[in-house]
Amino acid sequence: MKKTKDHWDNVYKSKSDSELSWFKETYSNSLKLISSSEHNKSAKIIDIGSGTSNLVDDLLGYNYKNISVVDISKQAINPG
């Protein structure tokens with residue numbers, strides 16, 4: 001597990017968000033799916049493998065309240 005964690009920490013230390021093949025400016029499909037669900041804006045939402053995704057920021061902008069992010073890389077969640 002340590003090798004995997006070290007790998008992802010290195011990826012997020014050495015590349016900017018735009019250099020990551022999975023990077024998107026906005027996660028419109030995810031936002032559409034979440035907003036079309038039957039849940040209210042205080043429902044629990046977890047972004048697993050969030051990396052440096054700005055999905056959480058978008059959700060907060062739409063007044064979702066109970067959001068968690070999880071990633072194996074501490075560097076991805078708390079850069080700097």
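Draft legend 1. Representation of the environment of Y62 within the structure. Tracing the backbone shows Y62 in the loop between α3 (55–61) and β2 (66–70). Put simply, Y62 and T26 are 36 residues apart on the chain and 13 Å apart in space, counted from C-alpha to C-alpha.

Draft legend 2. Spatial organisation of the pairing of strand β1 (residues 44–48). The side-chain alternation of β1 yields one buried face, formed by I45 and D47, and one unburied face, formed by K44, I46 and I48. Here five bridges tie β1 to β2, and the two strands are oriented parallel to one another. Residue pairing in the sheet places I45 in a bridge with I67 of β2. Taken together, β1, α3 and β2 constitute a β-α-β crossover, and its handedness is right-handed.

Draft legend 3. Structural view of unusual backbone geometry. Of note in this structure, N63 is not a glycine but carries a positive phi near 70°. Turning to its location among the elements, N63 is positioned in the loop between α3 and β2.

Draft legend 4. View of the nonpolar core. Within the largest apolar cluster, nine residues are counted, these being Y27, L31, I34, I45, L55, V56, L59, Y64 and I67. If you list the elements that add at least two residues to this core, you get α2 (28–35) and α3. Broken down by element, this core gets its largest block of residues, three residues, from α3. With sequence-adjacent residues up to four places away left out, I34 is seen in contact with I45, L59 and Y64.

Draft legend 5. Focus on the pattern of salt bridges. Taken as a whole, this structure holds two salt bridges when the rule is applied. For D6, the salt bridge identified is with K2, shortest N-O distance 3.4 Å. Remark: K2 and D6 occur in helix α1 (residues 2–14); sequence separation between them is four residues, near one turn of the helix. K5 serves as the salt-bridge partner of D9, at 2.6 Å between the closest nitrogen and oxygen. Placement of both D9 and K5 in helix α1 is noted, with a separation of four residues, approximately one turn of the helix. On the accessibility criterion, D9 (10% relative accessible area) is buried. Residue K5 is classed as partly exposed on the basis of its relative accessible area, which comes to 31%.

Cut-off values and rules
- Residues numbered from 1 in each chain as written.
- Predicted model: local features only at pLDDT ≥ 70, side-chain atom pairs only at ≥ 80, totals over all residues.
- Heavy atoms only, no water.
- Helix = DSSP H or I, 4+ residues; strand = E, 2+ residues; numbered from the N terminus.
- Buried < 20%, exposed > 50% of the residue type's maximum accessible area, 1.4 Å probe, protein only.
- Pairing = 2+ DSSP bridges.
- Right-handed = clockwise from strand over helix to strand, strands pointing away.
- Core = buried A, V, L, I, M, F, W, Y, C linked by side-chain atoms within 4.5 Å.
- Contact = heavy atoms within 4.5 Å.
- Salt bridge = Lys/Arg side-chain N within 4 Å of Asp/Glu carboxyl O.

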